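# Summary of structural features
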Amino acid sequence: MKRYGNIYEQIFTMENLKLAHKNARKDKSFYKEVKMVDNDPEFYLGQIQEMLMNKTYTVSEYSVSTINDKGKDRELMKLPYFPDRIIQWAILLQIEKVFVNTLCGHTCASLKGRGIKRAMKLVDEFMTDIPGTEFCLKIDIRKFYPNINHAVLKQLLRKKFKDADLLELLDKIIDSYPGEKGVPIGSYLSQYLANYYLAYFDHWLKEDMQIKYVVRYMDDIVIFSSSKAFLHDLRKRMDEYLRCRLDLQIKPNWQVFPVDARGVDFVGYRFFHGYKLLRKTTCKKFKKKMVQIQRKQCDGSLINYSEWCSANSYKGWLKWCDSHRLQQKYIEPIQPSLDRYYNEVIKSKKNRKVTS
C-alpha cells in the first residue's frame, strides 16, 4: 500500500494559502473575517504561513449551534474563518486527491460529483438487474460523526500518510473535538475524515465480501441481493466489522425487505424496479406548500421569496423521479404565481442593479 510523504511544506506555500483563501471565501464575502483577510491578504496569510512553519498553530474555539434536521437535533460546530477554515482548505488542497482515490466508487456524499445524483444513478443502474436486486438491506450507523474514534482514525491516517508533520497537524485538529470520540459536524475537514473512516470498510464489502450492488451515502447504506438469507448473514458480518474494527454500531432499525413491496427509501426518493417516486414525507410537505401557494394565487396575493424558492426547489426534486401527475396537479396551476414573482421582484431587482 502506497503511503504519501513530503506534503506538509506544500500546505503553507503562499500560492497554496492564497488558493485556500479563494476557495474558503466563496459565498462568504460578507463575513467580517473574510473582509479582514481581503483587505491585506499578504499580511494575514503570512501570519498563517508563520504559524504552520513554526508549528505554533492551535485550533480555535468552536462556536456551537443546534439545528433540527429531519426531526433530529444536530449539533453544528464551526471554527473561525481566520485562521482555521483557511488552514483546513490549505490541507485539503494537498490531500483531497489522496482521500478520494482511496474511496470506492459506490461512496457518495460530501464529494465533488458524487452527491445525491450519483447515488441515485447507481441505484437506478443496479435496479435493472432482476432478480439480482430483489431484496434490500438498508442500514445506517448510530450517531456516526459523534462516535468516530480518534485513536482508530489516527491509525487509519497512518496507513495512507507517512509525513510526520502532516499527521501531527491532523492529530491536533482531530483532538480539538472534546473527548476520545467524534468529529464536528459543520467542519470542512470532517466530511473527508468521516468518509475516509469508512473507506476500508467499503473495500471490505466490495473485495472480501464480493458485494456487487452497494451504495453508501455517508452513513446510510443500501445493499441489494437476490437472497434474503444472504443479506441477513451479511448484516451480522457488517455489525462485527464495524464494532470490532471501527468502534461503531449499526442502528437497531436496520431492515431486510423485498424491494417492490414498498420501495427503497434512500436519498430522498423511493426506488422500485423500473421507476422511482418522491419520498412520502417529502411528498406530503410538497403538497401542503403548493396548496398554500394556490390559495394565495386565488386571492390575487403575491407569494414571498421563501415560497418562490421552495416551489423551485421542489421542481428540482420532481425532475429526477416519476412525477408527471404531481407536476400536473400541483406545479402547473401555480406556475403563473412563480412567473409573476420572478418578473415583479427578481427581474426588477436585477434591472435596478444594472441601471444603478
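Read on for a plain summary of the structure.

What counts, and where the lines are drawn
Residues numbered from 1 in each chain as written. Predicted model: local features only at pLDDT ≥ 70, side-chain atom pairs only at ≥ 80, totals over all residues. Heavy atoms only, no water. Helix = DSSP H or I, 4+ residues; strand = E, 2+ residues; numbered from the N terminus. Buried < 20%, exposed > 50% of the residue type's maximum accessible area, 1.4 Å probe, protein only. Phe/Tyr/Trp six-rings, centres within 6.5 Å; stacked < 30°, edge-to-face > 60°. Lys NZ or Arg CZ within 6 Å of the ring centre and 35° of its normal. Expected span 1.5 Å × (residues − 1). Contact = heavy atoms within 4.5 Å. Polar contact = N/O pair within 3.5 Å; in protein donor to acceptor, adjacent residues only side chain to side chain. Pairing = 2+ DSSP bridges. Axes fitted to C-alpha atoms, helices over the stretch in contact; angles between N-to-C directions. Core = buried A, V, L, I, M, F, W, Y, C linked by side-chain atoms within 4.5 Å. Disulfide = S-S within 2.5 Å.

## Considerations on the environment of Leu 246
- Its place among the elements puts Leu 246 in helix H11 (residues 228-246).
- Using a relative accessible area of 4% as the deciding quantity, one classes Leu 246 as buried.
- Considering only alpha carbons, one finds Leu 246 and Phe 82, 164 residues apart in sequence, at a separation of 33 Å.

## Considering the packing of aromatic side chains
- Following the criterion strictly, the structure yields 23 aromatic pairs and no others.
- On the basis of an interplanar angle of 85° and a centroid distance of 5.9 Å, the ring pair of Phe 99 and Phe 161 is categorised as edge-to-face. Of this pair, Phe 99 sits in helix H5 (residues 81-102) while Phe 161 sits in the loop between helix H7 (150-160) and helix H8 (164-175); the two residues are 62 residues apart in sequence, bridging distant segments of the chain.
- An aromatic cluster of at least three residues, connected via ring pairs, comprises Trp 89, Phe 99, Phe 161, Tyr 188, Tyr 192, Tyr 196 and Tyr 200.
- Over the face of the ring belonging to Trp 254 we find Arg 235, whose NZ or CZ atom lies 4.1 Å from the ring centre.
- Between Arg 262 and the ring centre of Phe 257, over which it is positioned, the NZ or CZ distance is 3.9 Å.

## With respect to helix H4 (residues 41-54)
- If you check H4, its first and last C-alpha atoms are 19 Å apart, about what 14 residues at 1.5 Å a residue would give, namely 20 Å.
- All of the buried residues along H4 are Tyr 44, Leu 45, Gly 46, Ile 48, Met 51 and Leu 52.
- Buried residues along H4 sit in contact with helix H1 (8-11), helix H2 (14-24), helix H3 (32-39), H5 and H8.
- Lys 55 sits one or two positions beyond H4 and adopts a positive phi of about 60°.

## Considerations on the side chain of Thr 107
- Looking at where Thr 107 falls in the secondary structure, it is placed in strand S3 (residues 107-108).
- Side-chain polar atoms of Thr 107 contact the side chain of Asp 202, separated by 2.8 Å.
- Here Thr 107 is in contact with Arg 114, Asn 195, Asp 202 and Arg 216, once residues within four sequence places are set aside.

## Quick look at the side chain of His 106
- Residue position: His 106 is located in the loop between H5 and S3.
- Look at His 106 and you get buried, because its relative accessible area is 5%.
- When residues no more than four places from it in sequence are discounted, the contact partners of His 106 are Leu 122, Asp 202, Lys 206, Val 214, Val 215 and Arg 216.

## So, the sheet that holds strand S8 (residues 264-266)
- Read across the sheet, three strands follow the order S8-S9-S10 without closing on themselves; strand pairing throughout is antiparallel. Each end of this open sheet is capped by a strand with a single partner; those strands are S8 and strand S10 (275-278). Each strand of the sheet is rotated relative to its neighbour by a mean of 30°, with strand direction disregarded.
- Taken together, the three bridges between S8 and strand S9 (residues 269-272) define a ladder with antiparallel strand orientation. By the bridge assignment for S9, Phe 266 is matched with Tyr 269.

## Remarks on the nonpolar core
- Grouped together as the largest cluster of nonpolar side chains are 81 residues, with contacts concentrated most on Phe 144, Leu 157, Phe 201, Ile 223, Met 238 and Leu 246.
- The biggest single contributor to this core is H5, with 11 residues.
- Excluding anything up to four places from it in sequence, Leu 157 contacts Phe 99, Leu 167, Leu 170, Ile 174, Leu 193 and Tyr 196.
- With 38 residues, the next largest nonpolar core counts Ala 119, Val 123, Phe 271 and Val 345 among its residues.

## Things to note about the state of the cysteines
- Overall, the coordinates contain zero disulfides when judged by the stated rule.
- With no disulfide of its own, Cys 104 lies 11 Å from the sulfur of Cys 108, the closest cysteine sulfur.
- A residue is classified by how much of its surface remains accessible, and Cys 104, at 8% relative accessible area, is buried.
- Left unpaired, Cys 321 is separated from the closest cysteine sulfur, that of Cys 283, by 8.4 Å.

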